[in-house]
Amino acid sequence: MARRTLLHIIPVLVAVLIASACDKFHTSDNGKLDGNWQLIQVDTLQSGQSADVRQQLIFWAVQADLLQMRARDHFSVFFRFRHNGQTLTLTDPVADVREISDSIIANPATIAHFGLSGLTETFQILQLTSSKMTLQSDLLRFHFRKY
């Protein structure tokens, strides 16, 4: 009887341990911001003009406290970020150049391809749903769709 009870308890203990381990390592509390986003449109605030940029295949991937920007025919860039209510601040860009080595980006021109003008960029979050995101910097408004 004791052996039979033990055989029922062991799977329950294993399940409890796995569940508690998952909670311990879950470090992301970004809500709807987490996930993969494709940049689909960029608006220039000064002129009011818009550009459809879907064909450039620019993607942002968000998880934990890292944001990766990648584009077709361009190296990826990793940023640390802070998401506070209605703002998103990107800092500490690092180029992901796998053939050579990752390197800290010191020149803002290196990330201009992504529509960024500085090494630290703060966006106002205008819209954030489970499928759409709109961010605005001092110069540009970015429209994304979630994958």
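Right above here is the structure, for reference.
So, a few notes on the structure that sits alongside this text.

The rules we used
- Residues numbered from 1 in each chain as written.
- Predicted model: local features only at pLDDT ≥ 70, side-chain atom pairs only at ≥ 80, totals over all residues.
- Heavy atoms only, no water.
- Helix = DSSP H or I, 4+ residues; strand = E, 2+ residues; numbered from the N terminus.
- Buried < 20%, exposed > 50% of the residue type's maximum accessible area, 1.4 Å probe, protein only.
- Contact = heavy atoms within 4.5 Å.
- Areas by Shrake-Rupley, 256 points an atom, 1.4 Å probe, with all protein chains shown as cover.
- Phe/Tyr/Trp six-rings, centres within 6.5 Å; stacked < 30°, edge-to-face > 60°.
- Lys, Arg positive; Asp, Glu negative; His and termini not counted.
- Salt bridge = Lys/Arg side-chain N within 4 Å of Asp/Glu carboxyl O.
- Polar contact = N/O pair within 3.5 Å; in protein donor to acceptor, adjacent residues only side chain to side chain.

1. Here's the deal with the overall build of the protein chain
Thought 1: Along its length, the protein chain carries one helix and 10 strands.
Thought 2: Beginning at the N terminus, the succession of helices and strands in the protein chain can be written as α-β-β-β-β-β-β-β-β-β-β.
Thought 3: Among the 147 residues that make up the protein chain, the fraction classed as buried is 33%.
Thought 4: Residue pairs in contact within the protein chain that sit at least 24 positions apart in sequence constitute 45% of those at least 6 positions apart.
Thought 5: If you sum the accessible surface of the protein chain, you get close to 9400 Å²; carbon and sulfur atoms cover 55% of it.

2. Here we look at the packing of aromatic side chains
Thought 1: Enumeration over the complete set of coordinates arrives at six aromatic pairs.
Thought 2: Summarising the aromatic geometry, the rings of Phe59 and Tyr147 are spaced 5.8 Å apart at their centres and angled 65° between planes, so their arrangement reads as edge-to-face. With Phe59 in strand S3 (residues 58–63) and Tyr147 in the segment after strand S10 (140–146), this pair connects stretches of sequence that are 88 residues apart.
Thought 3: A relative accessible area of 18% means that Phe59 is categorised as buried.
Thought 4: Judged by relative accessible area, which is 56%, Tyr147 ranks as exposed.
Thought 5: Connected via pairs of aromatic rings, a cluster forms that spans Trp60, Phe123, Phe142 and Phe144.

3. Topic: the side chain of Glu121
Thought 1: Assignment of secondary structure puts Glu121 in strand S8 (residues 121–128).
Thought 2: Despite its burial, Glu121 pairs with no opposite charge, the nearest such side chain being Arg82 at 12 Å.
Thought 3: Polar side-chain contacts of Glu121 include one of 3.1 Å to the backbone nitrogen of Ser117.
Thought 4: Not counting chain neighbours up to four residues away, the residues in contact with Glu121 comprise Leu88, Thr89, Leu90, Leu116 and Ser137.

4. Looking at the pattern of salt bridges
Thought 1: Enumeration according to the criterion identifies three salt bridges in this entry.
Thought 2: One salt bridge connects Asp43 with Arg141, and the closest N-O pair in it is separated by 3.4 Å. Note that Asp43 is positioned in strand S1 (residues 35–44) and Arg141 in strand S10, a separation of 98 residues in sequence.
Thought 3: Owing to a relative accessible area of 7%, Asp43 belongs among the buried residues under this scheme.
Thought 4: Residue Arg141 is classed as partly exposed on the basis of its relative accessible area of 24%.
Thought 5: Arg80 is paired through a salt bridge with Asp65; the nearest N and O atoms lie 2.9 Å apart. Of this pair, Arg80 sits in strand S5 (residues 74–84) while Asp65 is found in the loop between S3 and strand S4 (66–71), placing the two residues 15 residues apart along the sequence.

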